[in-house]
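Notes for the structure review
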Amino acid sequence: MPVIAVVGGQWGDEGKGKIIDLLAGRSHVVVRAQGGDNAGHTVVNSRGKFALHLVPAGIFNEGTQCLIGPGVALNPEVLLGEIDALIERGVTIDNLVISTRAHLVMPYHRLFDNLEEQERGAGAIGTTGRGIGPTYSDKVARSGVQAGDLLRPERFREKVRAIVERKNVLMERIYGAERIDADEIVDRYLTLTDRLVPFIAQSEPVLEKALRDGRTIMLEGAHGTLLDLDHGTFPYVTTSSCTVGGLLNGAGIGPRHLTTAIGVFKAYQTRVGAGPMPSELLDEMSEHIRQRGQEFGTTTGRPRRCGWFDMVAARHSMLVNGFHALAITRLDILDDLDEIEVCMGYELDGQRIDYFPSDVEELGRCTPVYEALPGWKAPTGNAVEWKDLPSRAQDYVRLLEDAIGVPAGLIGVGQEREKTLFTGALP
Ligand code: IMP
């Protein structure tokens, strides 16, 4: 009964969607466990190109049950929009289950996300503006609203009225903004229930049965470890737990059940939003990688900051996640380079360090220590096996494996699902 977790090892956008889509074909249940529609997974398969934000990437495999788990921040309007777009393109969504425990993103959460960002001024985090931070804040403050509340409209109305009363104090006194109308929000959300309620259920029996029947469960990570609330570059992070541990918790599966944790790493590094990124490139190489890799946000369309692979950050990610294997994605984007650099260490105030500073101000002062490798200058897109890769591309992958300490089980050499090599190293 394999339970596989697929987690981003960097700042998100590692190409997890493709790896998840690929492995979903072998999974009976795919669980989205954390985050909300701030995430974006691009999936390219025989049906075309899809940008998913909430629906688990297993949706393209008709036999796969797709669960939006207890740890997710769920915007029901966005979900329904996504469902409609999928149905329109012939994708069946009958296998979708929404956990009663998932917290709902309410319209006022988006409002507060934007007001808080404005208030941060120069220190703005560069959030996606989807209201995810305020949703999790309310969850932790125990004033959140859960998907299960939609099953009891009267209780839902009472809850929202009480919450909005307190929000309006903030709106008026702190932000000098217009009051929120609780009933308008409740009415708006209750119009969605006819369509949503059939999907809402306790998720525990689904997982319990899958485990009992020896089914394969995949936990689909969103964002990336360096954006994790506890282990990322705080405060320039998202507000959920993006690590293997976070996924287990967000899905509601104990660690004893986990069999394989796969860390997805792009062959280089990208980041969206503010915060330090020691190996960021600010020259024409950055633009070259951005254009060649089409590095623009799936959710916001923002240009991603690009840089060389950061080994210090990768080892930090390895520590907090304990990956069994790596999935290296987008190797083909580096195909035409004369030379490829890898950040093997940092210098902080003239001293060489090899740990990932927890203090963002210190991390921002770190300068990368690079090791340069010759490029392979040959297309990798047609490789079907490890031995088809140019030897210099193999050397590059070996360097990443050796320094991180686990083998690469999957290597991505193109956007399509098929353009992924299985090296035989997946446990
Ligand atoms: P939030 O998650 O919208 O609160 O944004 C917090 C930070 O996380 C910002 O820097 C976002 O750009 C970043 N972020 C959130 N989700 C993703 C993602 O899926 N990929 C990359 N960056 C993300």
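Our subject in this report is the structure included herewith. (Residues numbered from 1 in each chain as written. Predicted model: local features only at pLDDT ≥ 70, side-chain atom pairs only at ≥ 80, totals over all residues. Heavy atoms only, no water.)

What follows is about the sheet that holds strand 10 (residues 217-220). With mixed pairing, 10 strands are arranged side by side in an open sheet as 9-7-5-2-10-1-11-15-19-20. A strand with exactly one partner marks an edge of an open sheet, and here the two such strands are strand 9 (200-201) and strand 20 (420-422). Taken together, the 2 bridges between strand 7 (residues 96-99) and strand 9 define a ladder with parallel strand orientation. Its bridge partner lying in strand 9, S99 is registered against A201. (Pairing = 2+ DSSP bridges. Helix = DSSP H or I, 4+ residues; strand = E, 2+ residues; numbered from the N terminus.)

Turning our attention to the nonpolar core. Counting residues in each nonpolar core, the largest one holds 56 residues, and the members touching the most others are I217, L219, F309, L331, L389, Y396 and I411. In terms of residue count, helix 13 (residues 391-404) provides more of this core than any other element does, 6 residues in total. Ranked by size, the runner-up nonpolar core spans 55 residues in total, among them V55, L80, Y189 and I200. (Core = buried A, V, L, I, M, F, W, Y, C linked by side-chain atoms within 4.5 Å. Buried < 20%, exposed > 50% of the residue type's maximum accessible area, 1.4 Å probe, protein only.)

Turning to its location among the elements, N61 is positioned in the loop between strand 4 (48-52) and strand 5 (65-68). Residue N61 is classed as buried on the basis of its relative accessible area of 16%. Spatially, the C-alpha atoms of N61 and E280 are 37 Å apart, while their sequence positions differ by 219 residues. Ignoring any residue separated from it by four or fewer positions in sequence, one finds N61 in contact with D21, A24, G25 and R417. (Contact = heavy atoms within 4.5 Å.)

A word on the pattern of salt bridges. Per the counting criterion, the structure on display carries 31 salt bridges. D187 is the partner of R157 in a salt bridge, and the nearest nitrogen-oxygen pair spans 2.8 Å. On the criterion of sequence distance, the pair formed by R157 in helix 5 (residues 153-173) and D187 in helix 6 (residues 182-190) is long-range, its members being 30 residues apart. The exposure class assigned to R157 is buried, which follows from its relative accessible area of 15%. (Salt bridge = Lys/Arg side-chain N within 4 Å of Asp/Glu carboxyl O.)

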